[in-house]
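So you can see what is in the structure, the chains are spelled out below.
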Amino acid sequence: MTPRPGVPPTAAQLYDRAVGETNAGRLAAARRALRQAAGRRPDPDLAARIEGTLAYLDAETGDPVLALASIRAAAARPGVGERTRAVLVGQAGLVAMRRGDTDDALRDLGRAIRHLADEPALLGQVALNRGNVHLQRGDLVRAGQDFTLARDAFRACGAPLDEAKARHNLGYTDLLAGDLVPAIRRMDGAREVLARVSPLHAATCDTDRAAALLAAGMPADAERLLVAAAAAYGRARVRQPQAEAELLLARTLLHHDAARAAAAARRAARRFRGRGAGTWAALADGVALSAAAVHRPDPRLLPAIDDAVRALGARGAREDRTRLRLHAAAVRISGGDLDGAARVLRSGVPAAAPAPVRLLARTVRADLAAARGRHRTVLAIAGAGLDDLAAEQARLGSLDLRSSLLLHALPLLHRGLRVAAGSGRPDLLLAWTERARDLVTRVPPLSPSPDPAVARELAEVRRLRVFGQGPDDERRERELMESLRGRLWHRAGSGAVLPRVDLAAVRAAADGRGWWRSPTAGRRRRWPRSSSGTADPAGWWGWARPGPSPRCWAAWAPTWRPPPASRPARWPGPSTPGCGPGWRPWRSCW
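In this convention, every chain numbers its residues from 1, walking through the sequence in written order. Local features are withheld for residues below a pLDDT of 70 in this predicted model, meaning they are given only at 70 or higher, and side-chain atom pairs are given and counted only at 80 or more; totals for whole chains, interfaces and linings count all residues. By convention in this description, side-chain values take in all heavy atoms of the structure and omit both hydrogens and water.

**Digging into the overall build of the chain**
Step number 1: Helix numbering and strand numbering both begin at the N terminus, where a helix is a DSSP run of H or I of at least 4 residues and a strand a DSSP run of E of at least 2. For the chain, the helix and strand inventory stands at 27 helices and 4 strands.
Step number 2: Only protein chains enter the accessibility calculation, which uses a 1.4 Å probe; a residue is then buried when its area is under 20% of its type maximum, exposed when over 50%, and partly exposed in between. Within the chain, the proportion of its 590 residues that are buried is 49%.
Step number 3: Counting every atom, the chain has about 28800 Å² of accessible surface; 54% of that belongs to carbon and sulfur. The accessible surface values rely on the Shrake-Rupley method and a 1.4 Å probe; as for residues, cover is taken only from the protein chains in view.

**Some details on the nonpolar core**
It is characteristic of soluble globular proteins that their nonpolar side chains tend to be buried jointly.
Step number 1: What makes a nonpolar core is a set of buried Ala, Val, Leu, Ile, Met, Phe, Trp, Tyr and Cys residues whose side-chain atoms join them at distances within 4.5 Å. Core analysis: the biggest nonpolar cluster contains 58 residues, and Leu34 and Ile50 have the highest contact counts within it.
Step number 2: In this structure, Ala265, Ala268, Phe272 and Leu289 belong to the second largest nonpolar core, which totals 28 residues.

**Details of the pattern of salt bridges**
Step number 1: Whenever Lys or Arg places a side-chain nitrogen within 4 Å of a carboxyl oxygen from Asp or Glu, that contact is recorded as a salt bridge. Tallied over the entire structure, the rule returns 35 salt bridges.
Step number 2: Its salt-bridge partner being aspartate 298, residue arginine 300 comes within 2.6 Å of it at the nearest N-O pair.
Step number 3: The exposed category is assigned to arginine 300, whose relative accessible area is 71%.
Step number 4: Three or more residues joined by partner-sharing salt bridges are found here, namely Arg72, Asp104, Arg107 and Asp108.

**Thoughts on the packing of aromatic side chains**
Step number 1: Stacked, edge-to-face and tilted labels apply to pairs of Phe, Tyr and Trp rings (six-membered ring for Trp) whose centres lie within 6.5 Å, assigned for plane angles under 30 degrees, over 60, and everything in between, in that order. This structure, assessed with the given rule, holds 1 aromatic pair.
Step number 2: When the centroid spacing of 5.4 Å and the interplanar angle of 25° are considered together, the rings of phenylalanine 272 and tryptophan 280 count as stacked.
Step number 3: Phenylalanine 272 sits in the buried class, given a relative accessible area of 0%.
Step number 4: Since its relative accessible area comes to 15%, tryptophan 280 is described here as buried.
Step number 5: A cation sits over an aromatic face here: arginine 435 above tryptophan 432, 5.6 Å from the ring centre. Note on criteria: charge over ring means Lys NZ or Arg CZ within 6 Å of the ring centre, with the direction from the centre no more than 35 degrees off the ring normal.

**Things to note about helix α22 (residues 406–422)**
Step number 1: Given a helix with a known number of residues, its expected span is that number minus one, times 1.5 Å. Under the 1.5 Å per step criterion, the end-to-end length of α22 is 24 Å for 17 residues, consistent within 8% with the ideal 24 Å.
Step number 2: Taken as a whole, α22 carries its principal kink of about 25° at leucine 412.
Step number 3: Along α22, the residues that are buried comprise Leu406, His408, Ala409, Leu412, Leu413, Arg415, Gly416, Val419 and Ala420.
Step number 4: Where α22 terminates, the next one or two residues include glycine 424, which has phi positive at roughly 75°. Take the seven residues that end at a residue and the seven that start at it, fit an axis to each, and the angle between those axes is the bend at that residue.

**Examining the confidence of the model for the chain**
Step number 1: The predictor reports its confidence for every residue as pLDDT, a score running from 0 up to 100. For the chain, mean pLDDT is 77; residues scoring 70 or higher make up 73% of the total.
Step number 2: Taken together, the stretch residues 444–448 has pLDDT below 50 and engages in 3 contacts with residues farther than four places along the chain or on a different chain.
Step number 3: Any two residues whose heavy atoms approach within 4.5 Å are treated as being in contact. When the criterion is pLDDT under 50, residues 492–497 qualifies, and its contacts beyond four places in sequence or with other chains add up to 16 contacts.

**Digging into the environment of leucine 194**
Step number 1: Tracing the backbone shows leucine 194 in helix α10 (residues 180–194).
Step number 2: Residue leucine 194 is classed as buried on the basis of its relative accessible area, which comes to 4%.
Step number 3: For the pair leucine 194 and alanine 164, spaced 30 residues apart in sequence, the C-alpha separation works out to 6.9 Å.
Step number 4: The residues touching leucine 194, leaving out its near neighbours within four places in the chain, are Leu161, Ala164, Lys165, His168, His201 and Cys205.

**What about the side chain of aspartate 146?**
Step number 1: Along the polypeptide, aspartate 146 turns up in helix α8 (residues 140–156).
Step number 2: Among the residues examined, aspartate 146 registers a relative accessible area of 5% and is labelled buried.
Step number 3: Not counting chain neighbours up to four residues away, the residues in contact with aspartate 146 comprise Ala127, Arg130, Gly131 and His134.

**With respect to the environment of leucine 200**
Step number 1: Looking at the element boundaries, leucine 200 is found in helix α11 (residues 199–215).
Step number 2: In this structure, the C-alpha to C-alpha distance between leucine 200 and alanine 229, residues 29 residues apart in sequence, is 8.2 Å.
Step number 3: Beyond its immediate chain neighbours, meaning those up to four positions away, leucine 200 contacts Gly25, Leu27, Ala232, Tyr233, Ala236 and Val238.

**Looking at helix α19 (residues 355–371)**
Because each turn of an α-helix spans 3.6 residues, side chains separated by three or four positions in sequence point in the same direction.
Step number 1: Its 17 residues give α19 an end-to-end C-alpha distance of 24 Å, which sits within 8% of 24 Å, the value for a rise of 1.5 Å per residue.
Step number 2: Those residues of α19 not exposed but buried are Ala355, Val357, Arg358, Leu359, Ala361, Thr363, Val364, Ala366, Leu368 and Ala369.
Step number 3: Directly after α19, the chain includes glycine 373, whose backbone phi takes a positive value near 75°.

**So, the packing of helix α5 (residues 82–99) against helix α6 (residues 102–114)**
Step number 1: Every axis corresponds to a line fitted to the C-alpha atoms, with the helix fit spanning only the stretch in contact, and the corresponding angles, defined between N-to-C directions, vary from 0 to 180 degrees. Running from N to C, α5 and α6 point in directions that differ by 155°, and their axes come no closer than 8 Å. By the angle between their axes, α5 is roughly antiparallel relative to α6. Here α5 runs over α6; the crossing is left-handed. Between α5 and α6, the contacting residues are Ala86, Val89, Gly90, Ala92, Gly93, Leu94, Ala96 and Met97 on the first element and Asp104, Ala105, Asp108, Leu109, Arg111 and Ala112 on the second.
Step number 2: Partitioning the contact of α5 with α6 into residue classes produces 9 nonpolar, 2 polar and 3 charged. Each angle receives one of four descriptions, namely roughly parallel if under 35 degrees, roughly antiparallel if over 145, roughly perpendicular if within 65 to 115, and oblique otherwise. Each crossing is labelled by how the near helix is turned from the far one, with a counterclockwise turn of less than a right angle marking it left-handed and a clockwise turn marking it right-handed. Residues were grouped as follows: Ala, Val, Leu, Ile, Met, Phe, Trp, Tyr, Cys and Pro as nonpolar; Asp, Glu, Lys and Arg as charged; and all remaining residues, including Gly, as polar.

**Describing the side chain of glutamate 434**
Step number 1: Of note, glutamate 434 is situated in helix α23 (residues 426–440).
Step number 2: Among the polar contacts made by the side chain of glutamate 434, one reaches the side chain of arginine 437 at a distance of 2.5 Å. Polar contacts here mean pairs of N or O atoms no more than 3.5 Å apart (in protein, one a potential hydrogen donor and the other a potential acceptor; neighbouring residues in sequence count only if both atoms are side-chain atoms).

**Comments concerning the packing of helix α17 (residues 318–334) against α19**
Step number 1: Contact geometry of α17 with α19 gives a least axis separation of 10 Å together with a crossing angle of 20°. For the element pair α17 / α19, the angle class is roughly parallel. The way α17 lies across α19 gives a crossing that is left-handed. Here α17 contributes Glu319, Thr322, Arg323, Leu326, His327, Ala329, Ala330 and Ile333 to the contact with α19, which in turn contributes Val357, Leu360, Ala361, Val364, Asp367, Leu368 and Ala371.
Step number 2: A per-class count over the contact of α17 with α19 returns 10 nonpolar, 2 polar and 3 charged.

**A closer look at unusual backbone geometry**
Step number 1: We note that arginine 41 has phi near 55°; this positive angle belongs to a residue other than glycine.
Step number 2: Here arginine 41 lies in the loop between α2 (27–38) and α3 (44–61).
Step number 3: Here the phi dihedral of arginine 237 falls at roughly 60°; this positive angle occurs in a residue that is not glycine.
Step number 4: Mapping arginine 237 onto the fold places it in the loop between α12 (219–235) and α13 (239–253).

Okay, structure coming up:
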């Protein structure tokens, strides 16, 4: 209802305005409209709605316990209709969700949904909130079902802003399921609608985008977004989302600044406890202990970690419980309690766990094997983890995402290289240095973009990098790079992973007809015959300029020599015909 010019708005019109302001994240304007509506002598049914919505706003910025009591009191008041009671029960479920009381939230939101089937706008709001409860409990299937129900309900009643919220939440569900490309596509599409409405909506989009960046192995980019989002929430005095952003910031800092991560997690835990959000406080406690274990793995942390693991398990936070349990095993290994670490690791990691958690588990298992002197086991675990990463990278179309995921596998790569370097075996060292080279240079073929918008933005980025001057050009370059990243992130990869082959497989496939290519010189040569008459790439020395890995050459040169039948009478040098200055013997690395 729209008030006529010159006529004061009615209580119902003011209430509708307040609901719109609330959904748009403009909480101060919503509170003013509700107080005006309460002064227009509304009927008991509308008065209960006004009181319930005011209580919800108080829960966002003040005391959720008192707010919950006010909502329940309004729902129990005489003269309140069933439809209004369902709305109030849904608001009570939302406040319970914010506090982390997921059992109460599911009960209240389920009751509300059953009474709102014929009210698509209200049904969508309640389904959206119940989907968030399922996310908190780790039930991604039910969360996706509720977000789909909300999206369809909002689309049916012509509510594009709320529909964008549901699409954003579907993207976040994809993110938790480890499906980054559709997650980013959905969240970016929703952000185009939501970010224009209010700073709070923009902060929510940025918080969840930071979670995607963190999952992709880009903590520095995620940190920048989260600091800004937490500040925006703080300015609006919306403490629950502020604490959630601080908690995600702590997870982000865990990758490169464990001391700051612990401080941010403790700060978030204090905010959660101040609001009575016990489940959220337990999550923050777990991250603070993980950060402490990474920063200084002291066995004296173990009693607190074990208590936190039990608390997280009791609250259904499976992924956080698994991550903290792995950090507890790492602390036990550093303290020499190898049997205790093995007991912790025996419970395993779910196959559906996100890639960073799976790689962390392999890293801890590799450390346990190294502590027991089982170096072949270390290499097997590290190799399996790198294969896991390769499969994850193959599903992504963006070079940015592919390379960033490497962050999660670097600890495994370091452990494999350390064992290979200490083995005294040049063949093993070469195999792992080649594996490292493959891992950090595994990129798709590059060609000019067929997308004219991408090509235009790339051209402008190149121009700015050559001719740009001053902060305005720097800011424009950052904007263009963010735009390009967003476009490229939306492309899915082929999912194909090229298998590694050993030298025996190469010989068998060649069968005397093969060619080999020097990775450093790019020159192609036919394999010569050995003394037995068969093609023998292993016994032949090519000639190439020194490559980018002189240590690889140094490892092989003292050990490998061609067999006598294929050894040239005189090693070519700078004066040898066909060999220019700086050429040296080089054996192909497979």
